[in-house]
Amino acid sequence: MSRQIALLRGINVGGHNSFPKARQLELARSLGFEEVSVLLQTGNIVFADPGTPPAETARRIEERIATDLGLTVPVVVRTRDELAATVAGNPFPLAVPEPRTLHVTFLSEVPADPARLDALDQAAYAPDRFRLIGRELYLWCPQGIGRSKLAEAVGRARLGVTATARNWNTVTKLLALADA
């Protein structure tokens with residue numbers, strides 16, 4: 001059995017798309033996933049799977065959420081090895097001691113038009129920086145993401161793919177759960 005991590009976008013945020021942790025566990029188990037763990041309330045499900053392709057897993061979870069809860073919730077899935085590569089490939093190692101300053105946006109696929117990000121003048125947003133590596137967009141905001149103009153600009157870039165972000169603490173905890 002391989003390990004997969006499902007990242008659900010936009011649940012339990014500001015009172016919208018309510019999907020309690022216990023229900024997330026129940027839904028994953030009902031799909032036949034084993035060794036299921038849920039990290040936080042915000043849609044981070046780690047489980048064992050017999051090798052279903054991640055895109056298929058994402059589709060199945062999205063359909064079940066729509067059927068059972070009547071919610072449209074985009075889902076991005078990574079294998080344990082893909083998540084480990086994301087952690088190992090961090091282009092901002094200086095951010096690791098302050099994990100709240102580093103975020104990873106997980107994309108459903110490589111953007112067809114990454115030039116939308118290339119058009120952003122990173123120097124104008126210093127000290128904040130970003131880097132797109134494959135299907136991961138790393139965003140480092142040393143002074144915090146809440147006031148970051150770069151985070152706002154990157155969010156408006158409209159990459160044309162499903163995207164969901166997690167802070168570095170969550171990313172590394174998800175990898176630890178996948179390795180447990």
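Preceding block: the structure.
Residues numbered from 1 in each chain as written. Predicted model: local features only at pLDDT ≥ 70, side-chain atom pairs only at ≥ 80, totals over all residues. Heavy atoms only, no water.

Undergrad: Explain the side chain of Asn-90 to me, please; I cannot follow it from the model alone.
TA: Checked against the element boundaries, Asn-90 lands in the loop between helix H3 (80-88) and strand S5 (102-107). Within the structure, Asn-90 has its side chain in polar contact with the backbone nitrogen of Phe-92 (distance 2.7 Å). Excluding its chain neighbours within four sequence positions, the residues that come into contact with Asn-90 are Val-96, Leu-102, Tyr-138 and Trp-168. (Helix = DSSP H or I, 4+ residues; strand = E, 2+ residues; numbered from the N terminus. Polar contact = N/O pair within 3.5 Å; in protein donor to acceptor, adjacent residues only side chain to side chain. Contact = heavy atoms within 4.5 Å.)

Undergrad: Even after reading the chapter, I still don't get the pairing of strand S6 (residues 129-133), so can you show me in this structure?
TA: Regular strands place their side chains on alternate faces of the sheet. Of the strand pairs in this sheet, S6 and strand S7 (residues 136-140) are connected by 5 bridges, and their pairing is antiparallel. Its bridge partner lying in S7, Arg-129 is registered against Trp-140. Between S6 and S7, which pair antiparallel one after the other, the connecting turn spans 2 residues, and Gly-134 there sits at a positive phi close to 65 degrees. (Pairing = 2+ DSSP bridges.)

Undergrad: How should I be thinking about unusual backbone geometry in this particular structure?
TA: Keep in mind that most residues, glycine aside, have a negative phi and that most peptide bonds are trans. With omega at 15 degrees, the peptide bond leading from Ala-126 into Pro-127 counts as cis. Relative to the helices and strands, Pro-127 resides in the loop between helix H4 (115-118) and S6. Of note, the phi angle at Glu-35 is positive, near 50 degrees, even though the residue is not glycine. As for its placement among the helices and strands, Glu-35 is situated in strand S2 (residues 34-38). Residue classification places Glu-35 among the exposed positions, given a relative accessible area of 53%. At Leu-40, a position not held by glycine, the phi torsion is positive, near 65 degrees. With respect to the helices, strands and loops of the structure, Leu-40 is situated in the loop between S2 and strand S3 (44-49). (Buried < 20%, exposed > 50% of the residue type's maximum accessible area, 1.4 Å probe, protein only.)

Undergrad: Please clarify how helix H2 (residues 54-69) should be interpreted in this entry.
TA: Think of an α-helix as turning once every 3.6 residues; residues three or four places apart then point the same way. Compared with the 22 Å implied by 1.5 Å per residue over 16 residues, the 22 Å span of H2 between its first and last C-alpha is a close match. The inward-facing, buried residues of H2 contact strand S1 (2-8), helix H1 (21-30), S3, strand S4 (75-79) and H3. Two residues or fewer after H2 comes Gly-70, characterised by a positive phi angle close to 70 degrees. (Expected span 1.5 Å × (residues − 1).)

Undergrad: Can you walk me through the nonpolar core in this structure?
TA: Nonpolar side chains in soluble globular proteins tend to be buried together. Counting residues in each nonpolar core, the largest one holds 20 residues, and the members touching the most others are Ala-6, Leu-8, Ile-45, Ile-61 and Ile-65. Contributing elements (two or more residues each) for this core: S1, H1, S2, S3, H2 and S4. Dropping the residues within four chain positions of it, Ile-65 is found in contact with Leu-8, Phe-19, Leu-27, Gly-70, Leu-71 and Val-73. Membership of the second largest hydrophobic core comes to 19 residues, among which are Ile-5, Leu-39, Ala-95 and Trp-168. (Core = buried A, V, L, I, M, F, W, Y, C linked by side-chain atoms within 4.5 Å.)

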